[in-house]
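Structural characterization, general
Below are the chains, spelled out letter by letter.
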Amino acid sequence: MATDLTTPAPSRLDVAPIQRRTVRLLFLTQIIGGIGVTIGISVGALLAARVAGTALAGVAQSAGVVGAALLAVPVTRIMAARGRRPGLVTAYLVGAVGGVLVVVSTVLHVVPLLFVGMLLFGGGTAANLQARYTAVDLAEPARRGRQLSLVVWATTIGAVAAPNFAALADATTRGWGLPALAGPFAFSAAAFVLAAAVLAVLLRPDPLLTARRLAAAESPVDPGAAPGSSPRRRAGMVAAWRTVRDRPAARLGIAAVAMGHLVMVAVMSMTPVRLGESHSDADVLRVVGIVLSLHIAGMYALSPLVGWLTDRLGRRPVILGGVALLLAACAVAGTAGHHTPLLSVGLALLGLGWSGTMVAGSTLLSESVPTADRPGVQGLSDLVMGLAGAGAAAASGFVMRAVGYPTLTLLAAIAVVPLVALALRPAPVGAPEELPGLADEVPDMLRRPSDDLPDKEE
């Protein structure tokens, strides 16, 4: 697993075209993967409610979130050992298998198989999430927020349109003899296979391996080290947690990503069911498509602006702005009743809040740990985020059934309040990871006190 220092390291001038090509490729595959993930998610709760019942609809949705979280562990292990490309390809192919199993479970009406399929379907989400970290492997420190947000934004093109394709996919596959709502998952599986094929062929050279060679070439050499040796990278979630534990900025990054995702999933997953209470079967797919399109537009469409603000204003202010939007979203959605336009506004605000916590939190996390430890720490972040979202999705169905949608939004708002205290907590003076981009680029003796201000070229 050690970086091979015998391979010639690229220069900074060589890295620039590699980074541009990598971002373009990730932009394309995020569009494809976004279609695959979103077209399934848009009907997942409705499909689960019909196959397993309303109370288990949230559990089925949470299975996909748990799958994305759990798959982050082996996927990041693959990345740590072999690079980003094999990890992303594996995740997409697992997601494709999951989509096929969901279709089979609907045909056979086998509830356990539905949960297994939704679990594996999370592979598509895991790949899309890890792609954002791939975008910053070779990014310049002052542009990390923008590069990450650009890849996040690419999902908009496919994800915003995907819910509206659900009805078309459903109508098409009914002609093939598939049950209602199964068709979108068949289309999702095909999209995941296409994304995996494109990455397998074109993601060369691997950005993570290239970043490691560059970091190894630029880091001070231990005179006592054997020729060609390199620092050993720590693998596993326990080692990743130890890395995060000693870095306040990394802890804030993980918390921002996880709590933003928890609130978003809790409210979003039950919104289609809420809409189903006031719309007929003939109209509900169309209405759900419109509302979720606005929500997903909020998540992704303005992410380049969020990334720019993250680089200009700093990570913490953008995280706090995201929290404020999440609270506003819960207030609007919770008081909307069955007024669909107002509910749509609430879901759009929910997406914007998620974007702020996701982009700023992910950027802060990535730059707060050494290059060698990043895959494991990023995998830990996605694991925590996924488990938080899964718990919210699983509980949301029961909360919705017991006390209704307004109380669900109130509980989601309360859950995000502790993040405010964490983000407002003063950064320790002299903490090296609070100086963006330099945690793994300068020796300890040269690090100066700072906080998570916008990136600067040194």
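For every chain, the first residue of the written sequence is number 1, and numbering continues from 1 along that sequence. Where local features are concerned, this predicted model is filtered to residues with pLDDT of at least 70; where side-chain atom pairs are given and counted, the filter is 80 or more; whole-chain, interface and lining totals use all residues. By convention in this description, side-chain values take in all heavy atoms of the structure and omit both hydrogens and water.

**Structural notes on the packing of aromatic side chains**
- For Phe, Tyr and Trp, rings pair up if their centres lie within 6.5 Å, where Trp contributes its six-membered ring, and each pair is then called stacked (planes under 30 degrees apart), edge-to-face (over 60) or tilted (otherwise). Under the defined criterion, the tally for this structure stands at 5 aromatic pairs.
- Considering the side-chain rings of Phe 27 and Trp 153, the 5.5 Å spacing of their centres and the 45 degrees angle between planes classify their relative orientation as tilted. Taken together, the residues span a long stretch of sequence, with Phe 27 in helix 1 (residues 12–52) and Trp 153 in helix 5 (residues 144–174) at a distance of 126 residues.
- For every residue, the accessible area obtained with a 1.4 Å probe (protein chains only) is divided by the maximum for its type, and the residue is called buried under 20%, exposed over 50%, and partly exposed between those limits. The class of Trp 153 is partly exposed, set by a relative accessible area of 26%.
- Where Tyr 300 meets Trp 354, the ring centres are 5.6 Å apart and the plane angle is 80 degrees; that geometry is what we call edge-to-face. In this text, helices come from DSSP runs of H or I with a minimum length of four residues, and strands from runs of E with a minimum of two, each type numbered from the N-terminal end.

**Some remarks on the nonpolar core**
- What we call a nonpolar core is a set of buried Ala, Val, Leu, Ile, Met, Phe, Trp, Tyr and Cys residues that are connected through their side-chain atoms within 4.5 Å. In terms of nonpolar packing, the biggest core is built from 61 residues, with Val 263, Ile 319, Leu 350, Tyr 405 and Leu 419 touching the most fellow members.
- Here the element with the most residues in this core is helix 9 (residues 248–276); it accounts for 16 residues.
- Should any heavy atoms of two residues lie within 4.5 Å, those residues are counted as being in contact. When near neighbours in sequence (up to four residues on either side) are disregarded, Leu 419 contacts Leu 252, Ala 255, Ala 256, Met 259, Ile 319 and Val 323.
- Within the second largest apolar cluster, 42 residues are counted, among which are Phe 121, Leu 178, Phe 192 and Val 198.

**Overview of helix 8 (residues 237–245)**
- For helix 8, every residue scored as buried is listed here: Met 237, Ala 239, Ala 240, Thr 243 and Val 244. One side of helix 8 carries all its buried residues, which in axial view fall inside an arc of 160 degrees. The directions considered for the arc run from the helix axis to the C-beta atoms.

**Let's talk about the side chain of Arg 315**
- Here Arg 315 lies in helix 12 (residues 315–334).
- Judged by its relative accessible area of 0%, Arg 315 falls in the buried class.

**Observations regarding the pattern of salt bridges**
- Basic side-chain nitrogens of Lys or Arg form a salt bridge, by our definition, when they fall within 4 Å of a carboxyl oxygen of Asp or Glu. The final tally for this structure, using the stated rule, is 6 salt bridges.
- One salt bridge in this structure joins Asp 137 and Arg 84, with 2.7 Å as the shortest N-O distance. On the criterion of sequence distance, the pair formed by Asp 137 in the loop between helix 4 (111–134) and helix 5 and Arg 84 in helix 3 (residues 84–108) is long-range, its members being 53 residues apart.
- For Asp 137, a relative accessible area of 8% corresponds to the buried category.
- Linking Arg 315 and Asp 311 is a salt bridge whose minimum nitrogen-to-oxygen distance equals 3.2 Å. One exposure class covers both Arg 315 and Asp 311, and it is buried.
- Connected through salt bridges with shared partners, the residues Arg 146, Asp 311, Arg 315 and Glu 367 form a single ionic network.

**Some remarks on the environment of Gln 147**
- Its location among the elements puts Gln 147 in helix 5.
- Separated by 10 residues in sequence, Gln 147 and Asp 137 have C-alpha atoms that sit 9.9 Å apart.

**Some points on a nonpolar patch on the surface**
- A cluster of nonpolar side chains, Val 100, Val 104, Val 107, Leu 108 and Val 110, forms an exposed patch at the surface whose accessible area comes to about 380 Å².
- Summarising the element assignment, Val 104 is placed in helix 3.
- With relative accessibility at 33%, the residue Val 104 sits in the partly exposed group. Residues enter a patch when their relative accessible area is above 30% and they make no salt bridge; the linking distance is 9 Å between like charges and 5 Å between nonpolar side chains (Val, Leu, Ile, Met, Phe, Trp, Tyr). Areas reported here follow the Shrake-Rupley algorithm with a probe of radius 1.4 Å; residue values treat only the protein chains shown as occluding.

**What about the side chain of Thr 409?**
- Note that Thr 409 resides in helix 15 (residues 405–424).
- Judged by relative accessible area, Thr 409 falls into the buried class, the value being 3%.
- Residues within four places of Thr 409 in sequence aside, it is in contact with Val 267, Cys 330, Ala 333 and Gly 334.

**Some details on helix 11 (residues 303–313)**
- When we look at burial in helix 11, the residues that qualify are Ser 303, Val 306, Gly 307, Thr 310 and Asp 311. Buried residues of helix 11, seen end-on, are gathered within an arc of 135 degrees and therefore sit on one face of the element. Residues of helix 11 that are exposed and point more than 90 degrees away from the buried face comprise Arg 312 and Leu 313.
- After helix 11 finishes, the residue Gly 314 shows a positive phi value of roughly 110 degrees.

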